[in-house]
Amino acid sequence: MKDILFLEGKFQEKIWGGNKLKTIYGFDIPSEKTGEYWAISDMDEMSSTILNGSYKAKSLQEVYRDDRELFGNPKSQTFPLLVKIIDASDDLSIQVHPDDKMAKELEDSRGKTECWYILNEDVSSIIYGLKVDSKQEAIKLIDQRRWKDLLKEVKTHKGDFFLVKAGTVHAIKKGSLILEIQQASDITYRLYDYDRKDKFGKLRELHLEKSKQAIKILPNNQNIDLIKDGNLTMRILTDNEYFKVIEKTINSSYDFSKEIPYSLFAVIEGSGDISVNDKAYKLNKGDFFILTTKVNEYKIEGDLTLVESIAKD
Ligand code: ZN
């Protein structure tokens, strides 16, 4: 049975982490400073584990490597996306990620374009891009450490969506709970860390030169299309060169047909059932699963919201 793969992810403790992964999603977190849940990942020791079917207890890394057909025989040798939940009980550093070209040259890695689907119930904020419109101006302000004049802060509400293209200066701020979908890469350049000191009285390392090189001034014109069809409401959150992300809200029941090789799902709200190939499975908030090439049609029943991510390579 290889049509639907339910996944169990891995946690990362962070100095800025919290306990919402337990209080909101019921996960068995390692401590009250749990910052990240890597829900869908094939990245080495952070790889997710399959919970059901023929591949039960295997890692997503093994399955993606050994059963390529399940994913439509993709070009990519490693799983292209990483899906996380991030719980920030403090501000994260101001950072920027390189694009594919720079990451290949400097780090022999993919670049990192990511996106954020906001889960926090209370209003929070993020740093999203810059107040200036030329790179020269940005570098001048960085050198003068005029962070307030440089960084653009944006309020966030539940269900908001932000595409963070490689080169965009960004930061997650205190009180944020975020579903992050990103190119599978772990390359981050830290631009500014509020001059915070660690428990040894030391400042965290910055990567100023690489940050300046990576920064791009990009327009953030986001256009979210809304599509309604009977009991289904869809918001097309992004459709870029790396991934497509769709919010699907189902009201009582909906029959889907699937034309793409595989896709990733996160259950954001509500509960219900999914039926694939005449078998039904329970869905609850905080569940993550992949529908493989073995699924052509599926039915979802209940009142629930899912976020679907589709890789482009
Ligand atoms: Zn980032």
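Scroll up to find the structure this text is about.
Since we're looking at a predicted model, the values are computed, not measured.

1. Considering the overall build of the protein
Next, step 1: Across its full length, the protein holds six helices and 20 strands.
Next, step 2: What you see for the protein is a C-alpha radius of gyration of 20 Å, in line with the 20 Å of a compact globule of 313 residues.
Next, step 3: Every one of the 313 residues in the protein was classed for burial, and the buried ones make up 52%.
Next, step 4: Looking at the protein alone, contacts between residues at least 24 apart form 72% of all its contacts between residues at least 6 apart.
Next, step 5: Entry remark: accessible area of the protein is about 14,500 Å², with carbon and sulfur atoms responsible for 46%.
Next, step 6: The averaged location of the 53 negative side-chain charges in the protein is 4 Å from the averaged location of its 48 positive side-chain charges.

2. With respect to the coordination of the zinc ion
Next, step 1: Within the protein, H97 (NE2), E114 (OE) and H170 (NE2) serve as the donor atoms for the zinc ion, at 2.1 to 2.4 Å.
Next, step 2: The sequence pattern describing where the donors of the zinc ion fall on their chain is H-x16-E-x55-H. With a gap of 73 residues between them, H97 in the loop between strand 6 (94-96) and helix 3 (100-107) and H170 in strand 11 (residues 170-172) connect regions that are remote in the sequence.
Next, step 3: Its relative accessible area of 2% is what places H97 among the buried residues.
Next, step 4: Residue class for H170 comes out buried when judged on its relative accessible area of 1%.

3. As for the nonpolar core
Next, step 1: Among the nonpolar cores identified, the biggest contains 40 residues, and I40, F71, F79, I85, L179, F288 and I290 are the most heavily contacted of them.
Next, step 2: Residue contacts for I40: discarding those within four places in its chain leaves L7, S48, L60, F79, L81, L82, V83, L264, F265, F288, F289 and I290.
Next, step 3: Within the second largest apolar cluster, 23 residues are counted, among which are I4, I274, L283 and Y298.

Thresholds, definitions, all that
Residues numbered from 1 in each chain as written. Predicted model: local features only at pLDDT ≥ 70, side-chain atom pairs only at ≥ 80, totals over all residues. Heavy atoms only, no water. Helix = DSSP H or I, 4+ residues; strand = E, 2+ residues; numbered from the N terminus. Rg over C-alpha atoms; globule rule 2.2 N^0.38 Å. Buried < 20%, exposed > 50% of the residue type's maximum accessible area, 1.4 Å probe, protein only. Contact = heavy atoms within 4.5 Å. Areas by Shrake-Rupley, 256 points an atom, 1.4 Å probe, with all protein chains shown as cover. Lys, Arg positive; Asp, Glu negative; His and termini not counted. Charge placed at Lys NZ, Arg CZ, Asp CG, Glu CD. Donors = N, O, S within 2.8 Å, 3.2 Å for Na, K, Ca; no water. Core = buried A, V, L, I, M, F, W, Y, C linked by side-chain atoms within 4.5 Å.

Just geometry here; none of it tells us what the structure is for.
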